[in-house]
Amino acid sequence: MSVLKLKPVEPAANPNETTKRETVDLGNESDVVYIQRFVPYDQSWNWFNYLDNHIPWTRPTIRVFGKSCLQPRDTCYVATPGLTELSYSGYQPHAYSWDDYPPLQEILDAVHKALPGSSFNSLLLNRYKGGNDYVGWHADDEKLYGPMPEIASLSFGCERDFILKKKPCKKSSDGSDEPARKRVKKSNHADQHTFRLKHGSLLVMRGYTQRDWIHSVPKRAKAEGTRINLTFRRVL
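Since we're looking at a predicted model, the values are computed, not measured.

Conventions used here
Residues numbered from 1 in each chain as written. Predicted model: local features only at pLDDT ≥ 70, side-chain atom pairs only at ≥ 80, totals over all residues. Heavy atoms only, no water. Buried < 20%, exposed > 50% of the residue type's maximum accessible area, 1.4 Å probe, protein only. Helix = DSSP H or I, 4+ residues; strand = E, 2+ residues; numbered from the N terminus. Pairing = 2+ DSSP bridges. UniProt positions renumbered as here; feature names shortened; annotations may be inferred. Expected span 1.5 Å × (residues − 1). Contact = heavy atoms within 4.5 Å. Axes fitted to C-alpha atoms, helices over the stretch in contact; angles between N-to-C directions. Salt bridge = Lys/Arg side-chain N within 4 Å of Asp/Glu carboxyl O.

J.: When you look at the pairing of strand 8 (residues 122–128) in this model, what are you seeing that I'm missing?
T.: Looking along a regular strand, one sees the side chains alternate between the two faces of the sheet. Among the seven residues in strand 8, seven count as buried, and that is most of the element. Here strand 6 (residues 74–79) runs beside strand 8; their pairing, made up of six bridges, is antiparallel. In the strand pairing of strand 8, Cys 76 is matched with Leu 125. In the sheet, strand 8 pairs with strand 15 (residues 227–233) via seven bridges, with the strands oriented antiparallel. Paired with Leu 125 across the two strands is Leu 230, which belongs to strand 15.

J.: Is there a simple way to explain the UniProt feature "binding site: substrate" (unreviewed entry) in the chain in this structure?
T.: UniProt records the feature "binding site: substrate" (unreviewed entry) at Phe 65, Gly 66, Lys 67 and Asp 141, using the numbering of this structure. By the element assignment, Phe 65 lies in the loop between strand 4 (61–64) and strand 5 (67–70). Since its relative accessible area comes to 67%, Phe 65 is described here as exposed. Assignment of secondary structure puts Lys 67 in strand 5.

J.: Got a minute to help me understand helix 2 (residues 102–114) in this structure?
T.: Residues spaced three or four apart along an α-helix face the same direction, because each turn holds 3.6 residues. Between its first and last C-alpha atoms helix 2 spans 19 Å; for 13 residues at 1.5 Å apiece the expected length is 18 Å, and the two agree. Contacts made by the buried residues of helix 2 are with helix 1 (41–54), strand 6, strand 8, strand 10 (151–157) and strand 15.

J.: Which parts of the structure should I look at to understand the environment of Ala 110?
T.: With respect to the helices, strands and loops of the structure, Ala 110 is situated in helix 2. As a C-alpha pair, Ala 110 and Val 39 span 71 residues in sequence and 8.9 Å in three-dimensional space.

J.: Would you mind going over the sheet that holds strand 2 (residues 22–27) with me for this structure?
T.: Pairing between the strands of a sheet comes from backbone hydrogen bonds, and it takes one of two forms, parallel or antiparallel. With mixed pairing, eight strands are arranged side by side in an open sheet as 2-3-13-10-15-8-6-7. Edge positions in the sheet fall to strand 2 and strand 7 (95–96), since each has one partner strand and no second. Where strand 3 (residues 30–35) and strand 13 (residues 202–207) come together, six bridges link them in antiparallel fashion. Across the sheet, residue Val 32 finds its bridge partner in strand 13, namely Met 205. Relative to strand 10, helix 1 is tilted by about 90 degrees, and along the sheet it contacts strand 8, strand 10 and strand 15. Contacts from helix 2 reach strand 6, strand 8, strand 10 and strand 15 within the one sheet, and its direction differs from that of strand 15 by about 65 degrees.

J.: Just to check I follow, could you spell out the pattern of salt bridges for this structure?
T.: Pairs may arise between side chains of opposite charge once their charged atoms sit close together. Applying the stated criterion across every chain yields a total of twelve salt bridges. Taking the shortest distance from any N to any O, the salt bridge between Asp 74 and Arg 59 comes out at 2.7 Å. In this pair, Asp 74 sits in strand 6 while Arg 59 sits in the loop between helix 1 and strand 4, placing the two residues 15 residues apart along the sequence. Residue class for Asp 74 comes out buried when judged on its relative accessible area of 6%. Where Glu 159 meets Lys 198, a salt bridge forms, and the shortest distance between an N and an O atom there is 3.4 Å.

What follows is the structure, given as structure tokens:
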């Protein structure tokens, strides 16, 4: 497993200076951009406290491998009116508007400023209330995001590992079908990257990352604090 040890990003001497970032080339027109100190420390806590206390969090029942279960994290969905409705794992969340929670528009503006050319119009918020909350292996490859979606993930609160792994082939080496979760365990560790997402950090997946890679935020026994994650996407 390749754990990315990125050099610290020092605060800009000039407040207007473009925030420094690290880019990881995944190959095949895919890359990941990581900005470790995207939001200043104090502002990050201000936004964390607002989101923790004012967002209408829910923990829905979803279907995984044909079975109903409680989603292992809280969630909320915000989108521009008129977009195709989001649906995943048999669950269709209610879409709140940006005007319902004005600080979200401020955060969106900051993300757009950091990523020229981006035009996100939807936001999925997730709250991990401890180390047992997680998100399993998946790719955000739904058709409503198009073939090369740009996905920006902003983190507040408790640090958690974000793991990227090369998508396994649809068939095993002997040509036989095999469950995806078993193929993931057998994949080459050289095709895996781990990011330690810090308070106020921004991670952006671009190009064909959703086509060729899967990602997860696994359980962590020592992660006792709450983490709030904002994932910005563009619905076509």
